[in-house]
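The lines below spell out each chain.
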Amino acid sequence: MDDRHSSRDDKLETQLRSTPFFAGLPDPVVDQAVAQVVTREHPANRVILLENDWGSSVYFILNGWVKIRTYNIDGKEVTLNIVGKGEIFGEMAPLDEVPRSTDVITLTPTTVANMPSTDFVNLMQTQPQAGIRLAKLMARRLRQLNRRLRLREADAQSRVADILLFLAEGQGIEGKGGIEIPNLPHRELSSLSGMARETVTRQLGKLENKGLIQRNQDVLCIIDTDALEDLIL
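An unreviewed UniProt entry lists the protein chain under the name Transcriptional regulator, Crp/Fnr family, with Acaryochloris marina as the source organism.

This is the structure we're talking about:
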């Protein structure tokens, strides 16, 4: 193995160890995972997975954000989730041995680590701790979904505040002024929240006027997460 390949493996192993899924797993487990994992960089608005494709890989986000989407019976796009650095996606199809049930599209330039699905399934079967990590991930996503569903009848301010806190939870970056998340297009926040884009834009403006958030072209900074939480009815 040449020095460049060794350096690549060391960097990838470090990146994987920083994800909630791999953190704390035994060294041999991570070493074996790195052996077959490849990294790929994708620009924004690139389709990574398509619904009904068969799953040959499981994906770990090393950098960037993606949206997980489907369509309702009227053909309207529905955003089910937006996930970022440290998250995993594409894990259900290999475990269920069925085709993909959603599309996955990058929202920002994104780097992912692709693990062969056979290796992932073997990891689940041989490492109980890995199975527990996946179960905890699924439980957290279910709690988040339940909270969003409960707020479907809440006012617009509560729903926008909740979406921002949802995106910041576990994925936001601690910056000088608060928790930073990408300043996503309002159409994405609209699809995720189930509200009109104009409503989302108006509520974001109100939150900024109250001094609870700051926005520039690329970043939305949540200045006071407690105050934002207090807005949720």
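Still more ground to cover, so stick around.
J.: I'd like to hear about helix 7 (residues 186-193), residue by residue, with values.
T.: Along an α-helix, residues three or four positions apart point the same way, because every turn accommodates 3.6 residues. Among the eight residues in helix 7, seven count as buried, and that is most of the element. Every buried residue belonging to helix 7 is among His-186, Glu-188, Leu-189, Ser-190, Ser-191, Leu-192 and Ser-193, and all of these are buried. Buried-residue contacts for helix 7 involve strand 4 (66-71), strand 5 (77-83), helix 5 (128-150), helix 6 (156-168), helix 8 (197-209) and strand 11 (213-215). At the exit of helix 7 stands Gly-194, carrying a positive phi of roughly 80 degrees.

J.: Quick one: what's the story with the domain arrangement of the protein chain, residue by residue and with numbers?
T.: What the domain assignment lists for the protein chain is domain 1 (2-149) and domain 2 (155-230). Placing a centre on the C-alpha atoms of domain 1 and another on those of domain 2 gives a separation of 25 Å. Between domain 1 and domain 2, the contact holds 18 residues from the first and 14 residues from the second. Carbon and sulfur atoms make up 52% of the area that domain 1 and domain 2 hide from each other, which totals about 1500 Å².

J.: So, the side chain of Asn-114: which residues are in play, and what are the values?
T.: For Asn-114, the position within the fold is in strand 8 (residues 110-116). With a relative accessible area of 9%, Asn-114 lands in the buried category. Beyond its immediate sequence surroundings of up to four residues, Asn-114 is in contact with Gln-36, Val-37, Val-38, Arg-40, Ser-57, Val-58 and Tyr-59.

J.: Help me get a handle on the sheet that holds strand 2 (residues 47-49), residues and values and all.
T.: Pairing within the open sheet is antiparallel, and its four strands lie in the order 2-7-4-5. Looking along the sheet, the strands with just one partner apiece sit at the ends: strand 2 and strand 5. Adjacent strand axes in the sheet meet at a mean angle of 35 degrees, parallel and antiparallel pairs treated alike. Inspection of the sheet shows strand 2 paired to strand 7 (residues 103-106) by two bridges, in the antiparallel sense. Following the sheet pairing, Leu-49 is matched in strand 7 by Val-104. Contacts from helix 7 reach strand 4 and strand 5, with the element oriented near 100 degrees to strand 5.

J.: Account for the packing of helix 7 against helix 8, naming residues and giving values.
T.: Look at helix 7 against helix 8: their axes get within 8 Å of each other, and the N-to-C directions meet at 110 degrees. When the interaxial angle is binned, helix 7 and helix 8 end up roughly perpendicular. Between helix 7 and helix 8, the residues in contact are His-186, Arg-187, Leu-189, Ser-190 and Ser-193 and Arg-197, Val-200, Thr-201 and Leu-204, respectively. Of the residues contributing to the contact of helix 7 with helix 8, the split by class is three nonpolar, four polar and two charged.

J.: Pulling in residues and values, what's your account of the sheet that holds strand 6 (residues 88-89)?
T.: In space, the four strands of this open sheet follow the order 1-8-3-6, with antiparallel pairing throughout. Taken across any chain shown, the strands that pair with only one partner, and hence form the sheet edges, are strand 1 (38-42) and strand 6. In this sheet, strand 8 lies alongside strand 3 (residues 57-63) in antiparallel orientation, the contact comprising six bridges. Across the sheet, residue Asn-63 finds its bridge partner in strand 8, namely Thr-111.

J.: A description of the pattern of salt bridges should follow, citing residues and the corresponding values.
T.: All told, the structure shown has 11 salt bridges when counted by the stated rule. For Arg-17, the salt bridge identified is with Asp-27, shortest N-O distance 2.5 Å. With Arg-17 in helix 1 (residues 3-17) and Asp-27 in helix 2 (residues 27-36), the pair connects residues that are 10 residues apart, well separated along the chain. Since its relative accessible area comes to 24%, Arg-17 is described here as partly exposed. In this structure, the salt-bridge partner of Arg-69 is Asp-103, at a minimum N-O distance of 3.0 Å. Linking Arg-69 in strand 4 with Asp-103 in strand 7, this pair joins segments that are 34 residues apart in sequence. Residue class for Arg-69 comes out buried when judged on its relative accessible area of 15%. Looking at Asp-103, the relative accessible area reads 5%, which means it is buried. Shared partners join several salt bridges into a network, and the residues in it are Lys-67, Arg-69, Glu-77, Asp-103, Arg-187 and Glu-188.

Calculation criteria
Residues numbered from 1 in each chain as written. Predicted model: local features only at pLDDT ≥ 70, side-chain atom pairs only at ≥ 80, totals over all residues. Heavy atoms only, no water. Buried < 20%, exposed > 50% of the residue type's maximum accessible area, 1.4 Å probe, protein only. Helix = DSSP H or I, 4+ residues; strand = E, 2+ residues; numbered from the N terminus. Contact = heavy atoms within 4.5 Å. Domains from an automatic or database assignment. Buried area = accessible area lost by both parts, 1.4 Å probe. Pairing = 2+ DSSP bridges. Axes fitted to C-alpha atoms, helices over the stretch in contact; angles between N-to-C directions. Parallel < 35°, antiparallel > 145°, perpendicular 65-115°, else oblique. Nonpolar A, V, L, I, M, F, W, Y, C, P; charged D, E, K, R; others polar. Salt bridge = Lys/Arg side-chain N within 4 Å of Asp/Glu carboxyl O.

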